[in-house]
Amino acid sequence: MLLRYNLQYFADGPGGEKTEEPTGKRLNEARKDGNVAKSKEITTVASLFALFLILRFWTGHMGTDFMTLFHAVYNRIPEVVQLYGGYANPELAAGQMLRSMMVRYLIMMAPIFIIAIFIVYLTNMLQFQWMITFKPLQPKFSKLNPLNGVKRLFSIQSLIELAKSIAKLACIFYIAYSYLTERQQTLFLLADMPLIQVLQVTRDMIFELGIRICALFVIIAAADLFYTRFKWKKDMKMTKQEVKDEMKESEGDPTIKGKQRQRMREASQRRMMQQVPKADVVITNPTHYAVAVQYDPDRYEAPLVTAKGEGYLAKRIREVAEENGVEIVENKPLARVLYANVEIGEAVPPELYQAVAEVLAFVYHAQGKV
C-alpha cells in the first residue's frame, strides 16, 4: 500500500514551523518597525475614564467660563461693529468677533487636549518601553496596492475586529438602556426642574453611566491585552533555520569560525613545539601528560612552563624532546599538578619550587652541570 505525504512537513527551512523563541535582534528590529504588543483598548478605556472625570469635575467651571465669555463678547458687539466700519462692513466685524471667541475658547479647552495627549502617551509607555523611530512613517508602496487592501479588508483579523466592535456596541447599548430604565422617573422630572439643576442632574447621570461603561471596557482591555501579547509572541517566534541564518549574519558561519579556531590552535601548538628544544627537562606522567620546564636564573626568578600537552600532544612533546636531547623525567604527581595549574609561559608557583628544583637538580647532575 502506497501512502502519499508532503515532505514540507519535515522541512527545517524558512517555511518550517515557528518553534524557537525570538532573538534579541529580532525583537529590536520589530520595535524599530513599530511592531509591539500594544492594545488599543487600554488607551480607549483610559481616555474614556478621563473624559467622564472631566465632565464630572470640570464642566461646572467650564460652564461658568463659557457664560462669562458669552456675556463679554455679547456686550462688545456694538463696540466691535463701530470699530470695524459699523454696519457697512458686517462680515469684517463678525469675523473679528468669531476669531476673538475661538481663541478664548481654545485657551479654555487647552487643558482637556493636554490631558488627552498625556493619557495616550502614558498608556503606551506602560505597555512597552518607549523608543523614537521614524520607520513606521516611511511610505510603503505595497500599501497602495488595491489587491492587498482588499485582502486586508476581508482577512480573518478584520473579521475579528468587526466582531469585537459589534460586541462592544451591543454591550454599551445594553448598559445604557439598563441604566436609563432605572432612572426613568428622574428623566420625567427634568421638565419641571430649573435649567441649572437639569444640567447638574444630567452631568451626574452621564458620569454614572460613563463609569459603568468604563468598567466594561476595563474587562475588554484586559482580555485584549492578554490576547495581543499572546498573538505577538506567537508571531515573533522563529523557525530553526531563521535562528541559524541570524547567527550566521551576526556571528559568522560556525563552520568557518570552527576552521579559524582550529588553525589558531595549530599555530599555537607549532609555536609551543618550537620551545620544547630550549627546555631543560620534560616531566611526564609518563604517557598521559608531558610538561616542558625551562630555567634561566639570569632571566627568570623561577622556572617557566614552556610547553604542555595531553594524549597525542604529550607524545609529540616527548618525541621532540628526544630528538633534541632534552632530558625526560617521569614524575606522575608533579606532571599532573603542573598541567592542571600552570599555563604555558607562566612561572612555577612557589608551592612547587622544591619539587621542580629536585627534578632540575637531578637533570643537572646527570648532565654534569653540577
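Located above this text is the structure these notes cover.
Residues numbered from 1 in each chain as written. Predicted model: local features only at pLDDT ≥ 70, side-chain atom pairs only at ≥ 80, totals over all residues. Heavy atoms only, no water.

Description of helix α13 (residues 332-341)
- Regarding α13, the residues found buried are Leu 334, Ala 335 and Leu 338. Within α13, the buried residues cover an arc of 100° as seen down the axis, which keeps them to one side. For α13, exposure combined with an orientation more than 90 degrees from the buried face picks out Ala 340 and Asn 341.
- Where α13 is buried, its residues touch β1 (281-284), β2 (289-294) and α14 (353-367).
- For α13, the capping residue at the N-terminal end is Asn 331, with a side-chain oxygen 3.2 Å from the backbone nitrogen of Leu 334. (Buried < 20%, exposed > 50% of the residue type's maximum accessible area, 1.4 Å probe, protein only. Helix = DSSP H or I, 4+ residues; strand = E, 2+ residues; numbered from the N terminus. Arc of directions from axis to C-beta. Contact = heavy atoms within 4.5 Å. Polar contact = N/O pair within 3.5 Å; in protein donor to acceptor, adjacent residues only side chain to side chain.)

A closer look at the sheet that holds strand β4 (residues 327-330)
- Strand order in the open sheet formed by four strands is β3-β2-β1-β4, and the pairing between neighbours is mixed. Two strands bound the open sheet, and with one partner strand each, they are β3 (304-310) and β4. With strand direction ignored, the average angle separating the axes of adjacent strands in the sheet is 20°.
- Bridging between β1 and β4 involves four bridges; their strand directions are parallel. Each residue of the ladder has a partner; that of Val 281, found in β4, is Glu 327.
- Contacting β1, β2, β3 and β4, α13 crosses the sheet at an angle of about 80° to β2. (Pairing = 2+ DSSP bridges. Axes fitted to C-alpha atoms, helices over the stretch in contact; angles between N-to-C directions.)

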